[in-house]
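Residue-level structural notes
Spelled out from the first residue to the last, the chains are:
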Amino acid sequence: MSKTIQGVCMDMRKYIAALCALCLLLFGGAALSETEIILSDAGVQAGAGVEVDGGAVAITQSGSYRLTGTMSEGSIFVDADDVELVWDGAQLSCSTAAPLTARGDVVLTLAENGGSISDLRRARDMDADGAAIDAGGEVTVRGEGALTVVGQTGHGLRAAGLRVEGGALSVLAEGDGAHLTAEDGAASFALAGGQFTAEAGGRGLYVDGGARIEAGDLRVESDADSLYVEEALTISGGAAQLSAGGGASSSTSPTASYFYEDLFGYDPFDFFFGGSYRADGTLTMTGGALSITCGGDGLRAGGDVAVSGGVIWVDECETGLSGANVSVENAEVSIVSADAGISALSERGGDASVLEGAKLTIAAGGDGIAAGADVYLAGGETSICCAGGSGAPLNAGGEVFADGGTLVATGRSDASAIAEDPAQAVLRARFNGTLRAGVRVVVEDEDGQTAFSFEPEADFSRLLLTSPALKQGGTYTLYVEGEALGMAAVDGAETYFRGDFTEERDERETRDDRSEDDGREAEPSMENGAERI
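Before going into details, it helps to say that this report is about the structure given with it. (Residues numbered from 1 in each chain as written. Predicted model: local features only at pLDDT ≥ 70, side-chain atom pairs only at ≥ 80, totals over all residues. Heavy atoms only, no water.)

With respect to empty space enclosed by the protein
Short version of the rule: The definitions used throughout rest on a 1 Å grid laid over the protein atoms alone, on which a cavity is an enclosed set of points accommodating a 1.4 Å probe that cannot get out and a pocket is an open set flanked by protein within 12 Å on both sides along at least five of seven lines; lining residues are those having an atom within 4 Å of a point. Grid points are joined across faces, edges and corners, and a volume is the space filled by probe spheres set on the points. Secondary structure counts use DSSP, requiring at least four H or I residues in a row for a helix and at least two E residues in a row for a strand, with both numbered from the N terminus. Lys, Arg, Asp and Glu make up the charged group, whereas Ala, Val, Leu, Ile, Met, Phe, Trp, Tyr, Cys and Pro make up the nonpolar group; the residues left over, Gly among them, are polar.
Under the defined criterion, the tally for this structure stands at two cavities of 30 Å³ or more. The computed volume of the largest cavity comes to approximately 60 Å³. Around the largest cavity, the lining is made up of 13 residues, and of these Asp-414, Arg-428, Arg-462, Leu-463 and Leu-464 lie nearest the centre. Within the residue set of the lining of the largest cavity, elements represented by two or more residues are strand E42 (406–411), strand E43 (426–435) and strand E46 (460–466). Classifying every residue of the lining of the largest cavity by side-chain character gives seven nonpolar, two polar and four charged.

Section: the pattern of salt bridges
We apply this condition: Within this document, salt bridges are pairs made up of a side-chain nitrogen of Lys or Arg and a carboxyl oxygen of Asp or Glu, the two lying within 4 Å of each other. Each residue is placed in one exposure class: buried if its accessible area under a 1.4 Å probe, protein chains only, is under 20% of its type's maximum, exposed if it is over 50%, and partly exposed if it falls in between.
Under the criterion given, the structure shown has 16 salt bridges. Between Asp-217 and Arg-219 there is a salt bridge; the shortest N-O distance is 3.0 Å. Under the relative-accessibility criterion, Asp-217 is labelled buried at 18%. Residue class for Arg-219 comes out partly exposed when judged on its relative accessible area of 40%. What emerges from the salt-bridge pattern is a single network uniting Glu-34, Arg-66 and Asp-88.

A few points about the side chain of Thr-140
Short version of the rule: Throughout, a contact is declared for two residues whenever any of their heavy atoms are within 4.5 Å.
Inspection of the secondary structure assignment puts Thr-140 in strand E13 (residues 138–143). When residues no more than four places from it in sequence are discounted, the contact partners of Thr-140 are Val-106, Val-107, Leu-108, Arg-163 and Glu-165.

Considerations on the packing of aromatic side chains
To keep it simple, the criterion reads: Here the aromatic set is Phe, Tyr and Trp, taking the six-membered ring for Trp, and pairing holds for ring centres within 6.5 Å; pairs whose planes are under 30 degrees apart are stacked, those over 60 apart are edge-to-face, and all others are tilted.
Overall, the coordinates contain four aromatic pairs when judged by the stated rule. Ring geometry for Tyr-206 and Tyr-228: centres 5.8 Å apart, planes at 50°, overall tilted. Here Tyr-206 is found in strand E20 (residues 205–207), whereas its partner Tyr-228 is found in strand E22 (residues 227–229), with 22 residues between them in sequence. For Tyr-206, a relative accessible area of 11% gives the class buried. Centre to centre, the rings of Tyr-376 and Phe-401 are 5.2 Å apart; their planes meet at 10°, and the pair counts as stacked. A residue pair is termed long-range when its members are at least 10 positions apart, and Tyr-376 in strand E38 (residues 375–377) and Phe-401 in strand E41 (residues 400–402) qualify at 25 residues.

Description of the pairing of strand E36 (residues 359–364)
As a reminder of what qualifies: Pairing between strands is defined by DSSP: at least two bridges between them are needed.
The pairing of strand E33 (residues 332–337) with E36 spans six bridges and is classified as parallel. Looking at E36, one finds that Ser-337 is bridged to Ala-364. Both E36 and strand E39 (residues 381–386) contribute to a ladder of six bridges, which runs parallel. Residue Leu-360 lies in a different strand from E39, and its bridge partner there is Thr-382.

Here we look at unusual backbone geometry
Phi is positive for Asp-82, which is not a glycine, with a value near 55°. Take Asp-82: it is sitting in the loop between strand E6 (75–78) and strand E7 (83–87). Residue classification places Asp-82 among the exposed positions, given a relative accessible area of 65%. For Glu-481, which is not glycine, the phi dihedral falls at a positive 55°. Mapped onto the fold, Glu-481 is located in the loop between strand E47 (475–480) and strand E48 (483–489). The class of Glu-481 is partly exposed, set by a relative accessible area of 48%.

Quick notes on the nonpolar core
Selection criterion: Nine residue types can take part in a nonpolar core, namely buried Ala, Val, Leu, Ile, Met, Phe, Trp, Tyr and Cys, and a core is a set of them joined through side-chain atoms within 4.5 Å.
In terms of nonpolar packing, the biggest core is built from 101 residues, with Leu-85, Trp-87, Leu-162, Leu-218, Tyr-277, Leu-321 and Ile-369 touching the most fellow members. Looking at which element gives the most residues to this core, the answer is strand E19 (residues 187–200), with five residues. Aside from chain neighbours lying at most four places away, what touches Leu-85 is Ile-59, Tyr-65, Leu-67, Val-78, Leu-100, Val-106, Val-107, Leu-108 and Thr-109.

Remarks on the state of the cysteines
The line we're drawing: When the sulfur atoms of two cysteines come within 2.5 Å, that pair is taken as a disulfide.
Taken as a whole and assessed by the stated rule, the structure comprises zero disulfides. Cysteine Cys-317 is unpaired, with the sulfur of Cys-294 as its nearest cysteine sulfur at 5.4 Å. Residue classification places Cys-317 among the buried residues on the basis of a relative accessible area of 1%.

Here we look at the sheet that holds E47
Put simply, the rule reads: Inter-axis angles, ranging from 0 to 180 degrees, are taken between N-to-C directions of lines fitted to C-alpha atoms, where helices are fitted over the stretch in contact.
Taking strand neighbours across the sheet as the criterion, the four strands line up as E45-E44-E47-E48 in an open arrangement whose pairing is antiparallel. Both outer strands of the open sheet, strand E45 (450–454) and E48, are each paired with one neighbouring strand and no more. Looking at each pair of strands side by side, their axes are set apart by 15° on average, direction ignored. The pairing of strand E44 (residues 441–445) with E45 spans four bridges and is antiparallel.

Points about the pairing of strand E15 (residues 155–159)
Of all five residues making up E15, five are buried, and the element is well covered by its neighbours. Pairing between strand E12 (residues 131–135) and E15: three bridges, direction parallel. Within E15, the residue paired with Asp-134 across the bridge is Arg-158. Where E15 meets strand E18 (residues 178–180), three bridges bridge the pair, whose relative direction is parallel. Opposite Leu-157, over in E18, you have Ala-178 as the bridge partner.

Describing the layout of surface pockets
Think of a ball as big as a water molecule: rolled over the atoms, this probe shows where empty space is left. Each pocket or cavity is described by its volume, and for the second largest pocket that value is around 410 Å³. Considering the residues around the second largest pocket, the lining is formed by 24 residues, among which Thr-361, Thr-382, Ser-383, Ile-384 and Val-408 are closest to the centre. Within the residue set of the lining of the second largest pocket, elements represented by two or more residues are E33, E36, E39, E42 and E45.

Details of a negative patch on the surface
Note the cut-off: Note on patches: the residues involved have over 30% relative accessible area and no salt bridge, like charges join within 9 Å, and the nonpolar side chains Val, Leu, Ile, Met, Phe, Trp and Tyr join within 5 Å. A 1.4 Å probe and the Shrake-Rupley method give the accessible areas. Residues count as covered only by the protein chains that appear here. The sign given to each residue is positive for Lys and Arg and negative for Asp and Glu; His and the chain ends receive no count. Every charge is mapped onto a representative atom, which is NZ of Lys, CZ of Arg, CG of Asp or CD of Glu.
Taken together, the side chains of Glu-174, Glu-199, Glu-221 and Asp-223 define an acidic patch exposed on the protein surface. Structurally, the position occupied by Asp-223 is in the loop between strand E21 (209–222) and E22.

Dropping the structure here:
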């Protein structure tokens, strides 16, 4: 009986082994098989599944194709589904058609040798959206090599979607670096690894749909927007370095921008003075690192802008973060702007919120934080320096609520009033002259402990401070370059420093005070030797 069972077991093992071998042959073998295409101006060599007519190559069967060699005048058309092109040092150029065209989806696997694809057509020889790589479906890029794509007069890549998982895709284009549109449904862009680099005369990336940046490296230099997304943009990881629009000296006013968008549906000045990230939907960032230099807005959304992780450096822009509502939480954000640092505006007003874990630094030519409705300082640390004569650190159409956040703000115009019965005390100072940038400002409590210490980056005559650590009933002394200029005994919502070089004001400033002089009054020189400050 035991011998019978043992024999059956042996037969079963043989059967299973034979079945595994058959599966490997049918499926694994097919996956491992590869057709070689050797490009050459003297004649293309190719195996099964490939049709060659002079310099025109058509791939008609599913499978994996390895491309090598050089062809200075030729094109490849992928007329099949489930096609992988292994780009192994191939150099492909064409001056009469798109060098690489795909009917549907296509996978580009970049071998170590990489290669290049160059569209050398003139503008009159192509349609308005012509591109070096033109796919009706999604293009997926993976591998370890580098591929350079050149669009001499058009886009670098046009497809229904682009997903970068590995390798390095570098695009040089007169039009958009990547122009992503879909006839059915919405186009998409995803950076899940590898690197995407674009130098473009138009937009770096245009997506008629949504976009996700999850990992990898994004580097864009463009004349218009670095990344324009028609729907939602989500950033959860990776690193991006973006330059758009030629610098903040070239810009249009926010009022003009809203007018043109209402009239045309877009702002035509964006094509000349581009922003970096622009989403007509929401813009959400939970991680990653962004470095931005642009002539328009750094991060701009038609919906809400929510930053809850990561690091953002905006070194030059018109407005740093702009959306219907803007919030910063558990993130580090540094902004240098020609106009507002943060702008929250919508038909319903727009709120700007600084929440727990935020570290927000703003150096603005206009307002520090501007909101159509309210400003919430509910956590984190905020530092605002307004260099313009009319810019206020906080400019709210509603009120400013201070409950848990620390704020150090300087400028030449008064900020919005703090809401009645705030959760924490607020200190203000109005100097009867202008103090120079770089002076050391220190605020100490009655025990000589430092409550605030900072050096403003621009000349100022107004000071606004608040922190959960400020004590009701406490007494604070203001020092500038070691000299005591004023004292404040905290009592109620807002308390002004009083002293020889400060102006005493009503405890509640109103927006009318700001609108009457707009911060542009001629400020007298400091007296009694205070000009040395």
